[in-house]
Amino acid sequence: DDENDATRTLDGQSQQKGVVQEEEQSANPLYVSCQVCTDQPPPQQQQYDDSIYIDEDDDDYPADMRIQKEEEEEQLEEDAPKKPKRTIEEELTFLERISDTRYQVQVGFVPNMKVPAEIIVNSDLQTLLVQELRDTCCIGPYAEAEQSFIPALRQAANVAALPGIVKASLAMPDVHSGYGFCIGNVAAFDMEDPLSVVSPGGVGFDINCGVRLIRTNLTEADLSGDVKEKLAEEMFQKIPVGVGRKGEIKCTEDDLDRLLAEGVDWAVEKGLAWPEDRDHCEENGRMDMADPSFVSKRAKKRGLKQLGTLGAGNHYAEIQIVDEVYDQNAADTMGIGKVGQVCIMIHTGSRGLGHQVATDALTTMERAMSKDKIELNDRQLSCARIGSREGKEYLAGMASAANFAWVNRSCITALTRKVFADMFKRTPEEMEMHLVYDVCHNIAKVEEHSIGGVMKKLLVHRKGSTRAFPPYHPNIPKDYQSIGQPVLIGGTMGTCSYVLVGTDKGMTETFGSTCHGAGRALSRNQSRKKLDHVQVLERLKNDGISIRVASPMLVAEEAPESYKNVTDVIDTCEDAGISRKVLKLRPVAVIKG
């Protein structure tokens, strides 16, 4: 059954990974001691669950992928050569702080690294990364065959070993462990190098999971009385939410093929988007390399049922208020410069269709790697040569799924505009419900960047990271040329969100990329064990936030305590110079699956 196959695994099964003790810091801020290395009596064993792998903006990770992954790991464990174990002290000799906001993982940390890995974090955020190393440094061979949990630092280093990678494997401040690539990973591959690869793990299962922001001319005063509660309820009723929910937008098979190829252009033709909306979407809401013939029948079947749906996991629609403005000119240019102004943020992606495209590609690329003799440190980095048949077909299918995601967010925007029109008895045009911008989080795109002073065509993978192009870049809208590309950073449930802009330094140092959110600090399973969903909901209510959620038991997974502090992440990006703050938004109503 397609919907059951799409449901996230919630059994909470965990796998023992070793024993650790409380962190002991020396003068070296990166020093941590490992219980196994120091041969001290072990405290209670710490366990990791592999549900952290499926936490990458996905709400219906294919259950059979998890089973397949476990079977592959069992076989790899049998086949893998045993290598000497390294202590945490030995691991940390490869990690060097090169600036206040940047750490470098040097070549040699894992086998076959072509370039270093660089992590953009402050001192507080780096503690979480080193904690993972401490907890796993003595578990099995440091080749990854015996570990179903791989720390984010090691995942970033494994990406640095992929063929054709240039400059560095980069990780943004919201980095955490993912499937293959870590979440927050940015990696670029030279299109002119015949050995360069494309990896679905570098895009993620929820292809073009992204965020869009809609502005209005309403103010917080317009939401007084019971208006806010009514709006939240109407949005919850009109926008399908939750795992497996079917959409209300009618879509035939012919429509689906067209929208997969045309993206937002199709939505404009059908009256589901305004013509100006496409100008404020990344790639104008359409990737031209899309080819629906490389999207499987099963993926299309799932997509037909889910157009115009929000999904679950960390996907949401929020009514937000402009709370603080840091750059008045940039905020005014975007039309959101008034404190107290009402906006709507929508966060969702390509739903089951995108997941199926990724799942299909991983199977195909296993064969491609065998054919082309591509060796990896981690099988979850399954890939194919960019110029190979398998590589080209994946990019065509991925682009089609990306187009679906833009149309999906457009359909939810149309439903939202209608809810507001019905509530306030005014047209969306009268309320100036314009799209500020729409950004991707999980995507691979062909871009030009300077490498060693030479402009090169690169395939840039951004997984759980956001494009952040600087002022006067030709690929951003004309009306934003003077300020740079808007960057939309959603917070955790009940916490603030931010609007940023790209910078020249970011273009030079991170391929024009920045963070995408807060980034998990606890896996979903850990969150369910440690947090009470009733208390989380009560706290939101006490904070004056209207909440509508399809699966209350899953609220704990999205509680602020499950994530890093989004303000720390944003400030780190600004301190590193890769993006710049424009304004802060606070939520007053949250709609989730």
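For clarity, every value in this text was computed on a predicted model and none was experimentally measured.

### As for helix H7 (residues 227-238)
Moving on, step 1. Over its twelve residues, H7 extends 16 Å from the first C-alpha to the last, a length consistent with the 16 Å expected when each residue adds 1.5 Å.
Moving on, step 2. Listed in full, the buried residues belonging to H7 are Val227, Lys228, Leu231, Ala232, Met235 and Phe236. For H7, the angular spread of the buried residues around the axis is 165°, confining them to a single face.
Moving on, step 3. Looking at the packing, one finds that the buried side of H7 touches strand S10 (316-325), strand S11 (341-348), helix H13 (389-424), strand S20 (546-549) and strand S21 (579-592).

### Notes on the sheet that holds strand S6 (residues 169-176)
Moving on, step 1. As summarised here, the arrangement of the seven strands in space is S3-S4-S5-S6-S7-S15-S14, forming an open sheet in which the pairing is mixed. Either end of the sheet is taken by a strand with one partner, and the two such strands are strand S3 (95-99) and strand S14 (442-451). Each strand axis lies, on average, 25° off the axis of its neighbour in the sheet, ignoring direction.
Moving on, step 2. Sheet analysis places strand S7 (residues 183-190) next to strand S15 (residues 454-463), joined by six bridges and oriented antiparallel. Within the sheet, the bridge partner assigned to Asn185 lies in S15 and is Lys463.

### Thoughts on the packing of aromatic side chains
Moving on, step 1. One pass over the full model with this rule turns up four aromatic pairs.
Moving on, step 2. Each ring, one from Tyr179 and one from Phe205, has its centre 5.2 Å from the other, and the planes form 75°; the classification is edge-to-face. With Tyr179 in the loop between S6 and S7 and Phe205 in the loop between strand S8 (197-198) and strand S9 (210-219), the pair connects residues that are 26 residues apart, well separated along the chain.
Moving on, step 3. Assessed through its relative accessible area of 5%, Tyr179 is described here as buried.
Moving on, step 4. Across the ring face of Phe511, the terminal group of Lys167 is positioned such that the distance to the ring centre comes to 5.2 Å.

### Brief notes about the state of the cysteines
By definition, a disulfide links the sulfur atoms of two cysteines through a covalent bond.
Moving on, step 1. Per the stated rule, a full pass over the model turns up zero disulfides.
Moving on, step 2. Cysteine Cys440 is unpaired, with the sulfur of Cys281 as its nearest cysteine sulfur at 8.7 Å.
Moving on, step 3. Residue classification places Cys440 among the buried residues on the basis of a relative accessible area of 2%.
Moving on, step 4. Here Cys515 is not disulfide-linked; the sulfur of Cys573 is the nearest cysteine sulfur, at 3.6 Å.

### Comments concerning the environment of Asp193
Moving on, step 1. The residue Asp193 is located in the loop between S7 and S8 in this model.
Moving on, step 2. With relative accessibility at 28%, the residue Asp193 sits in the partly exposed group.
Moving on, step 3. Along the backbone, Asp193 and Leu458 are 265 residues apart, and their C-alpha atoms lie at a distance of 9.7 Å.

### Here we look at helix H10 (residues 297-306)
Three or four residues apart is the spacing at which side chains of an α-helix point the same way, because the helix has 3.6 residues per turn.
Moving on, step 1. Along H10, the residues that are buried comprise Ala299, Lys300, Arg302, Gly303 and Gln306. End-on, the buried residues of H10 take up no more than an arc of 160°, which puts them together on one face.
Moving on, step 2. In the stretch just after H10, Gly308 is the one whose phi turns positive, near 80°.

### Examining the confidence of the model for the protein chain
Moving on, step 1. Summing up the model confidence of the protein chain, the mean pLDDT is 84 and the portion of residues at 70 or higher is 82%.
Moving on, step 2. Segment residues 1-67 is flagged for pLDDT under 50; beyond a separation of four residues in sequence, or across chains, it makes 193 contacts in the model.

### Focus on the pairing of strand S5 (residues 117-120)
Moving on, step 1. Judged by which residues are buried, S5 turns out to be covered on both faces: Ala117 and Ile119 on one side and Glu118 and Ile120 on the other are all buried.
Moving on, step 2. Relative to S5, strand S4 (residues 102-105) is paired through four bridges, and the arrangement is antiparallel. Residue pairing in the sheet places Gln104 in a bridge with Glu118 of S5.
Moving on, step 3. Pairing between S5 and S6: three bridges, direction parallel. Within the sheet, the bridge partner assigned to Ala117 lies in S6 and is Ser169.

### Let's talk about the packing of H7 against H13
Moving on, step 1. The N-to-C vectors of H7 and H13 enclose an angle of 140°; their axes lie 10 Å apart at closest approach. As judged from the angle between their axes, H7 and H13 are oblique. By crossing handedness, the relation of H7 to H13 is classed as right-handed. For the pair H7 and H13, contact is made by Val227, Lys230, Leu231, Glu234, Met235 and Lys238 and by Leu415, Thr416, Val419, Phe420, Met423 and Phe424, respectively.

The rules behind these values
- Sequence positions are assigned chain by chain, starting from 1 and proceeding in written order.
- Totals for whole chains, interfaces and linings use every residue, but because this is a predicted model, local features are given only for residues with pLDDT of at least 70 and side-chain atom pairs only at 80 or more, for both listing and counting.
- Hydrogens and waters are ignored; side-chain quantities use all the structure's heavy atoms.
- Strands here are runs of E lasting at least two residues and helices are runs of H or I lasting at least four, both read from the DSSP assignment and numbered beginning at the N terminus.
- Each helix should span, by expectation, one fewer than its residue count multiplied by 1.5 Å.
- Think of it in three bands: with a 1.4 Å probe and only protein chains considered, a residue is buried below 20% of the maximum accessible area for its type, exposed above 50%, and partly exposed in between.
- When we speak of the arc, we mean the arc of directions from the helix axis to the C-beta atoms.
- It only takes one pair of heavy atoms within 4.5 Å for two residues to be counted as in contact.
- DSSP calls a pair of strands paired once it identifies at least 2 bridges connecting them.
- Note on geometry: axes are C-alpha line fits, over the in-contact stretch for helices, and angles between N-to-C directions span 0 to 180 degrees.
- Pairing of aromatic rings covers Phe, Tyr and the six-membered ring of Trp, with a centre-to-centre limit of 6.5 Å; geometry is then stacked below 30 degrees between planes, edge-to-face above 60, and tilted otherwise.
- Put simply, a charge is over a ring when the Lys NZ or the Arg CZ is close to the ring centre, within 6 Å, and near the line of the ring normal, within 35 degrees.
- The term disulfide is used for any two cysteine sulfur atoms that are within 2.5 Å.
- Scored from 0 to 100, pLDDT records how confident the predictor is in each individual residue.
- Angles are sorted into four bins: roughly parallel if under 35 degrees, roughly antiparallel if over 145, roughly perpendicular if 65 to 115, and oblique for all others.
- Put simply, a crossing is left-handed when the front helix is turned counterclockwise from the back one by less than a right angle, and right-handed when it is turned clockwise.

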